[in-house]
Amino acid sequence: MSDASPHLRGILDTSTVILLERLADASTLPAEPLITAVTLAELSVGPLVAHGESERVARQSQLQQAEADFEPLAAPGAPQPTAREPARDRENPQQRS
């Protein structure tokens, strides 16, 4: 007896992220798809190496969609980005440079 349900969580390869809109059967994807910081970095290079304006625009669109849809996983041991402002700025805003 086979279980057709997808995995709960899974990391998508860069090529899968690029082809997501063309995917015929989304049920094969994990219920919670994830990407890594490496995938986001690879997608960031795409617009820079495009061979023409229309390709650059398409790659930029894919990058922006991935940034909107996913919070990338950092490599183990890598510092996690934070949106907090430094404590010194919160305590005394007049001393900001």
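These numbers were taken from a predicted model, which means no experiment stands behind them.

Turning our eyes to something else, we now look at the overall build of the chain. Counting its regular elements, the chain contains four helices and two strands. For the chain, the succession of helices and strands along the chain, N to C, is β-α-β-α-α-α. A burial count over the chain gives 19% of its 97 residues as buried. A sequence separation of at least 24 residues applies to 48% of the contacts in the chain between residues at least 6 apart. Total accessible area on the chain stands at roughly 7,700 Å², and carbon and sulfur atoms take up 54% of it.

As a further point, take a nonpolar patch on the surface. Among the surface-exposed residues, Val45, Leu48 and Val49 lie close enough to one another that they form a single nonpolar patch of about 290 Å² accessible area. With respect to the helices and strands, the residue Val49 is situated in the loop between helix H2 (37-45) and helix H3 (53-69).

Here we come to the nonpolar core. Soluble globular proteins: nonpolar side chains tend toward being buried together. In terms of nonpolar packing, the biggest core is built from nine residues, these being Leu12, Val17, Leu29, Ile35, Leu40, Leu43, Leu63, Ala66 and Phe70. Secondary-structure elements contributing two or more residues to this core are H2 and H3.

When the pLDDT values of the chain are averaged, the result is 82; 75% of them are 70 or greater. The least confident element of the chain, judged by mean pLDDT, is helix H4 (residues 87-91) at 48; the most confident is H3 at 96.

Moving on: H2. Among the residues of H2, Thr39, Leu40 and Leu43 are the ones counted as buried. Along H2, the residues classed as buried sweep out an arc of 100° about the axis, all on the same side. Buried residues along H2 sit against helix H1 (14-18) and H3.

With that settled, the discussion passes to the packing of H2 against H3. Where H2 contacts H3, the axes come no closer than 8 Å and their chain directions differ by 155°. Classified by the angle their axes make, H2 and H3 are roughly antiparallel. Two packed elements cross with a definite hand, and for H2 against H3 that hand is left-handed. On H3, the residues that touch Leu40, Leu43 and Ser44 of H2 are Leu63, Ala66 and Glu67. Class assignment of the residues belonging to the contact of H2 with H3 gives a composition of four nonpolar, one polar and one charged.

On to the pattern of salt bridges, then. On inspection of all chains with the given rule, the structure shows three salt bridges. A salt bridge links Glu32 to Arg9; the shortest N-O distance between them is 3.4 Å. With Glu32 in strand S2 (residues 32-34) and Arg9 in strand S1 (residues 9-11), this residue pair connects regions lying 23 residues apart in the sequence. Note that Glu55 is salt-bridged to Arg59, the shortest N-O span being 2.6 Å. Here Glu55 and its partner Arg59 are both found in helix H3, four residues apart, which amounts to about one turn of the helix. A relative accessible area of 24% means that Glu55 is categorised as partly exposed. According to the relative accessible area criterion, Arg59 is partly exposed, its value standing at 28%.

Basis of the calculations
- Residues numbered from 1 in each chain as written.
- Predicted model: local features only at pLDDT ≥ 70, side-chain atom pairs only at ≥ 80, totals over all residues.
- Heavy atoms only, no water.
- Helix = DSSP H or I, 4+ residues; strand = E, 2+ residues; numbered from the N terminus.
- Buried < 20%, exposed > 50% of the residue type's maximum accessible area, 1.4 Å probe, protein only.
- Contact = heavy atoms within 4.5 Å.
- Areas by Shrake-Rupley, 256 points an atom, 1.4 Å probe, with all protein chains shown as cover.
- Patch = residues over 30% accessible without salt bridge, like charges linked within 9 Å, V, L, I, M, F, W, Y side chains within 5 Å.
- Salt bridge = Lys/Arg side-chain N within 4 Å of Asp/Glu carboxyl O.
- Core = buried A, V, L, I, M, F, W, Y, C linked by side-chain atoms within 4.5 Å.
- pLDDT = per-residue confidence, 0-100.
- Arc of directions from axis to C-beta.
- Axes fitted to C-alpha atoms, helices over the stretch in contact; angles between N-to-C directions.
- Parallel < 35°, antiparallel > 145°, perpendicular 65-115°, else oblique.
- Left-handed = near helix turned anticlockwise from the far one by under 90°.
- Nonpolar A, V, L, I, M, F, W, Y, C, P; charged D, E, K, R; others polar.

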